[in-house]
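These are the residues of each chain, in order.
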Amino acid sequence: RIFDKALVDRAEQELKRQYLSRGLYGVQITSTVTPIERNRVNVTFSVDEGEVSKIKKINLLGNKAFKESELLDQIKLTTPGWFTWYSKADQYSKQKLAGDIEALRSYYLNRGYLEMQVESTQVSISPEKKDIYITINISEGEKFTVTGVKLEGELLGRDKELSELVTLRKGDAYSGEKMNETTRKISERMGVFGYAFANVNAVPGDRKSTRLNS
């Protein structure tokens, strides 16, 4: 194809992006264009991969309900250890961090913290491109407990039987996991009654109660 220096520059940046996504932040890529006969050119990409950058420290800020060590156990990113050479969990990526943030949210949600938010994250790298530092800022919000659970909708006269499938009880910390388990069980039981396409939804009330609609 016709030589285009802009395409060479774009390829150089894409190669670099691929290396960065694999934790090789010290990569150096240099392109060289050499004229040859018949009005053609050779394009050479010289790559110095450098060393893989490792996570040096993960800081959690704003957590009061749970210890930092407890929260760090819930995420996959970690500092170098015995098995990280295999798992690559000590190598940072945006995708891994996004997954870990969701894991933290779920952990809080299943323990009553419905308003928990990860307000910001900061990722920095040392000047020599070897050590990565991650800071996660958390806003826990208030802990909510269940004051009551009501079943509403078409219950087929089986209110008591369906109520026994509710895993959340008055006084429990609200748990998204238990709520999902409850809706799944009720949906499966409705299927036994012949309603294979029953729609069961958990609808939080005024932060003081939860309703189950079927």
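A short tour of the structure in this document, coming up. (Residues numbered from 1 in each chain as written. Predicted model: local features only at pLDDT ≥ 70, side-chain atom pairs only at ≥ 80, totals over all residues. Heavy atoms only, no water.)

**Here we look at the environment of Arg17**
Okay, step 1: Along the chain, Arg17 turns up in helix α1 (residues 5-20).
Okay, step 2: A residue is classified by how much of its surface remains accessible, and Arg17, at 47% relative accessible area, is partly exposed.
Okay, step 3: Here the alpha-carbon distance between Arg17 and Val27, two residues 10 residues apart in the chain, equals 9.6 Å.
Okay, step 4: A distance of 2.7 Å separates polar atoms of two side chains, one belonging to Arg17 and the other to Glu14. (Helix = DSSP H or I, 4+ residues; strand = E, 2+ residues; numbered from the N terminus. Buried < 20%, exposed > 50% of the residue type's maximum accessible area, 1.4 Å probe, protein only. Polar contact = N/O pair within 3.5 Å; in protein donor to acceptor, adjacent residues only side chain to side chain.)

**A short note on the packing of aromatic side chains**
Okay, step 1: Per the stated rule, a full pass over the model turns up 4 aromatic pairs.
Okay, step 2: Between the aromatic rings of Tyr108 and Tyr113, the centroid separation amounts to 5.5 Å while the plane-to-plane angle is 85°, which identifies the pairing as edge-to-face. The pair formed by Tyr108 and Tyr113 is uniform in burial state, with each residue classed as buried.
Okay, step 3: Among the aromatic residues, those joined into a ring-pair cluster are Phe66, Tyr107, Tyr108 and Tyr113.
Okay, step 4: When the ring centre of Tyr107 is taken as origin, the NZ or CZ atom of Arg111, which lies over that ring, is 3.7 Å away. (Phe/Tyr/Trp six-rings, centres within 6.5 Å; stacked < 30°, edge-to-face > 60°. Lys NZ or Arg CZ within 6 Å of the ring centre and 35° of its normal.)

**Describing the pattern of salt bridges**
Okay, step 1: Enumeration according to the criterion identifies 9 salt bridges in this entry.
Okay, step 2: For Glu164, the salt bridge is made with Lys160, and the minimal N-O distance between the two is 2.9 Å. For the pair Glu164 and Lys160, a shared accessibility class is recorded, and that class is exposed.
Okay, step 3: Residue Lys185 is joined to Glu181 by a salt bridge in which the shortest nitrogen-to-oxygen separation is 3.2 Å. Here Glu181 and Lys185 lie together in helix α6 (residues 176-192), a separation of 4 residues that amounts to about one turn.
Okay, step 4: Exposure remark for Glu181: the relative accessible area of 29% places this residue in the partly exposed category. (Salt bridge = Lys/Arg side-chain N within 4 Å of Asp/Glu carboxyl O.)

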